[in-house]
Every structure is written in C-alpha cells, then in structure tokens.
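# Structural description and commentary
What follows is the residue order along each chain.
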Amino acid sequence: MTSKAARAAKASAPDSSDRAEADTVAFDVIDGIAWVRFNRPEKRNCMSPKLNRQMMRVLDELEFREDVLVLVLSGEGTSWSAGMDLKEYFRETEAEGLPGVRRAQRESYGWWRRLRWYQKPTIAMVNGWCFGGGYGPLFACDLAFAAEEAQFGLSEINWGILPGGGATKVARELMPFRKAMYHALMGENIDGKTAAEWGLVNEALPGDQLKARVEQVAKVLMEKNPVALKAAKDAIRRVGEMTYDNAEDYLVRAQEAANSFDNHGRKEGIKQFIDEKSYKPGLGAYDKKSS
Ligand code: ACO
C-alpha cells in the first residue's frame, strides 16, 4: 500500500485509539490557578465534539470553586489547538445532516461564549500550534501569552472555507484591517512574536519562560478584588460596541451593580491609602486580607 493509501485507510477506519470523552480535557488546581489543558496531543488538540462537551463540563466545575481565582488554558504536547477536528467535527457531524451540524456548533460556540464571560479572569497560554477554530477560545480568554515559537494560522482558506466559527471576527477585533485581511486570505502562519506585534496575544516569550510569566501575571490578578475584576473584564468587552455616552452610562451602572456584590472592598481600598497610608493604588493593590 502506498503511504497515501495507508493514510487514507487509517482516516476512514474507526478511531480505536481515541480517548474517552472525560479524558479529552485535563486540569489541575494549584495555589489558586486552574491549569486547564486541551488533552488530545496525539491529534494536536484539535477540537472534537467530545472535547467541546468535556470542556464545558470542566468550565462548569471550576467557575465558582473558591480555590480557583484564575483559569489558564493551555495544551498538552506540541500544540495549543489545531482548530476544529476536520474528521469528527466536520465530516462526521455533516454525515448526520443539519441537526448534527447545529449540535456540534452549539457545543463548541457554547463553551467559547461561556469562557468569554467567565466569572474568573482567564489567560490563554499558547504553547504551540493555534489554528482556525482555536481563535475562538483564544479570544475568549481575557489575556494571552504565547511561546515565540508557537504558530498561529487561519488555515481555513488552505482547505477551501472561510474562517468561520468566529475566527474572522477575532481577526478583525484584534488585528489592524490590512493584517487581518492578509492573515485570512494568505493561509500563512505567523509565529508568537508576530502574533504579539499584530495584537493576537499580549506577549511572546521563549517557550521555557512562558509558564513562569503566566504564573506571575496570574498572581498579580489574584491580589485584585475579584468583583472588580469581573466587572472590568466584562466592561472592556462590552464598551467596544457602544457610543461614548452609552459606555459612560453602562460603566456607572456596572459599578453600582458591582457594589451590590461587594460594597466594602473599594471603601477598604480608599481607607488603606488615605487613612492608614499602608499602600499606594498607583503602585499596587490594597491588602484584601486585612479587610
Ligand atoms: N483535524 C483532524 N485531525 C487533525 C487535525 C485537525 N484539525 N490536526 C491534526 N490532526 C491529526 C492528524 O490527522 C494526525 O492524525 P493521525 O495520527 O491519525 O494521522 C495527528 O493529528 C497528528 O497530526 P500531524 O499532522 O501528523 O502532526 P504534525 O505535528 O506533523 O503537524 C499540524 C501539526 C501542522 C498542526 C497539522 O496537524 C495540521 O496542519 N493540522 C490541521 C490544522 C488546521 O488547519 N486546522 C483546522 C483549522 S480550520 C478550523 O478550525 C475551522
């Protein structure tokens, strides 16, 4: 059998090596950080319906746990996520007809949406390949840090579709117009450094420094008032589509709503600065523990 024929035979065979649904996502909670990982390294962490369902369960389980203050999303192995699973997400669900397609879309878009409005701050730690559908969860995370050697691509055009599932929207939200257009039409990959220059991620670092930097950022977030963090992250997403006056009004109301969850924190923050002179808000966060 030629190697092309062998590959084709393998692709159409039942996937006996495939892992159980519960095993498609891994996570550990350590010192306030939930380290969540796409866990199909043998498939470069492409997103199958099983993975999408399991990720929603994991997000559900972690969202309101008191020992989780920040969530980090990364990938096992050499990949962050190679996008949608072309076999299980596209071919196999299309074989079920429209109900199958729509169900698969709901499952993937559903957890990305959940992550976009997650209760806790979230960080994408992009350790390797990040393609197509991967831009959905990438954008859903509040912050993103990448290995310089990571590779980002809207590869949809290379196999004959437009970048859907939000990927085109993500490119337009995060990149300047010309860069987004080039990225969508050319099907060329960019490395982590270029992704940072084009605005897809906050920073790119050598791969061996990535985790330490993410941990450092997570620790800073953990020192902030959690009610204020949730209000601020939602506000940054919401105000992008508002007029100035609407944003001004929304922000007044968002703060007043936040006060109903925690009216003590900001008063404590003012007290520690003005009365106790124990810190300076311009240089760091107030001490939550003494409040
Ligand atoms: N869908 C289905 N299977 C995939 C996907 C995917 N998106 N990505 C990787 N795999 C599978 C491969 O078919 C292969 O399976 P096999 O071992 O059963 O043959 C296995 O994962 C390993 O992949 P390789 O290609 O052998 O890994 P390599 O490290 O050489 O290359 C790369 C990695 C560049 C990521 C390559 O796998 C690739 O191009 N993947 C597709 C990327 C892509 O275009 N994704 C879709 C984006 S569009 C969208 O998401 C809507």
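Structural data are supplied above this passage.
Residues numbered from 1 in each chain as written. Predicted model: local features only at pLDDT ≥ 70, side-chain atom pairs only at ≥ 80, totals over all residues. Heavy atoms only, no water.

## Some thoughts on the packing of aromatic side chains
What counts is decided by this rule: Aromatic contacts are taken between Phe, Tyr and Trp rings whose centres are within 6.5 Å, Trp giving its six-membered ring; a plane angle under 30 degrees counts as stacked, one over 60 as edge-to-face, and the others as tilted. For each residue, the accessible area found with a 1.4 Å probe, counting protein chains only, is set against the maximum for its type, and the residue is called buried under 20%, exposed over 50%, and partly exposed in between. In this analysis the charged atom, NZ for Lys or CZ for Arg, is taken to sit over a ring once it is within 6 Å of the ring centre and within 35 degrees of the ring normal.
One pass over the structure, following the stated rule, counts eight aromatic pairs. On the basis of an interplanar angle of 85 degrees and a centroid distance of 5.0 Å, the ring pair of Tyr89 and Phe90 is categorised as edge-to-face. Overall, Tyr89 belongs to the buried group, its relative accessible area being 7%. The structure contains a cluster of three or more aromatic residues connected by ring pairs, namely Phe38, Trp80, Tyr109, Trp111 and Trp112. Cation over ring: Arg237 sits above Phe139, and NZ or CZ is 5.0 Å from the ring centre.

## A look at the site of the ligand
Here is the rule: For this description, a residue counts as near a given molecule or strand if any of its non-hydrogen atoms is within 4 Å of it. Each polar contact in these results corresponds to two N or O atoms within 3.5 Å; when the atoms are within protein, one needs to be able to donate a hydrogen and the other to accept it, and residues that are neighboring in sequence are counted only if both atoms are side-chain atoms. Note on areas: Shrake-Rupley, 1.4 Å probe, and residue coverage restricted to the protein chains presented here. Each helix is a run of H or I in the DSSP string that is no shorter than four residues. Each strand is a run of E no shorter than two, and both are numbered from the N terminus. Charged means Asp, Glu, Lys or Arg here, nonpolar means Ala, Val, Leu, Ile, Met, Phe, Trp, Tyr, Cys or Pro, and polar covers whatever is left, Gly included.
In the region of the ligand, 18 residues are neighbours, and Lys43, Ala82, Met84, Gly133 and Ser155 sit closest. Residue Arg44 places a side-chain N or O atom 2.9 Å away from an oxygen atom belonging to the ligand. Here an oxygen atom of the ligand sits 2.8 Å away from a polar atom, N or O, in the main chain of Gly133. Contact with the protein chains covers 66% of the free accessible surface of the ligand, which is 920 Å². Of all elements in the fold, only α3 (86–94), β6 (129–131) and α6 (156–159) reach the threshold of two or more residues within the shell around the ligand. Here the shell around the ligand is built from residues that sort into eight nonpolar, four polar and six charged.

## Considering the pairing of strand β3 (residues 70–75)
The following threshold applies: Seen with the strands pointing away from the viewer, any crossover whose path from the first strand over the helix to the second strand runs clockwise is right-handed. Only strands joined by at least two bridges in the DSSP assignment are considered to pair.
With respect to burial, β3 is a largely interior element, six of its six residues being buried. The β-α-β motif built from strand β2 (residues 33–38), the intervening helix α2 (residues 49–63) and the parallel element β3 has right-handed crossover chirality. Bridge count for β3 against strand β5 (residues 122–126) is three bridges, and the pairing is parallel. Within β5, the position partnered with Val72 by the bridge is Ile123.

## A few points about the layout of surface pockets
Our working rule: Only protein atoms enter the 1 Å grid used here, on which a cavity is any set of points holding a 1.4 Å probe that cannot leave and a pocket is any open set flanked by protein within 12 Å on both sides along at least five of seven lines; residues with an atom within 4 Å of a point are listed as lining. Grid points are joined across faces, edges and corners, and a volume is the space filled by probe spheres set on the points.
Of the pockets and cavities examined, the largest pocket occupies roughly 930 Å³. Every residue lining the largest pocket is counted, 34 residues in all, and those nearest its centre are Arg116, Phe139, Glu173, Ile236 and Arg237. Of all the elements in the fold, those that place two or more residues in the lining of the largest pocket are α4 (98–116), α5 (135–140), β7 (143–147), α7 (167–174) and α11 (226–239). Counting residues per element, the lining of the largest pocket draws most heavily on α11, which supplies six residues.

Take it as geometry only, folks, not as evidence of what the structure does.
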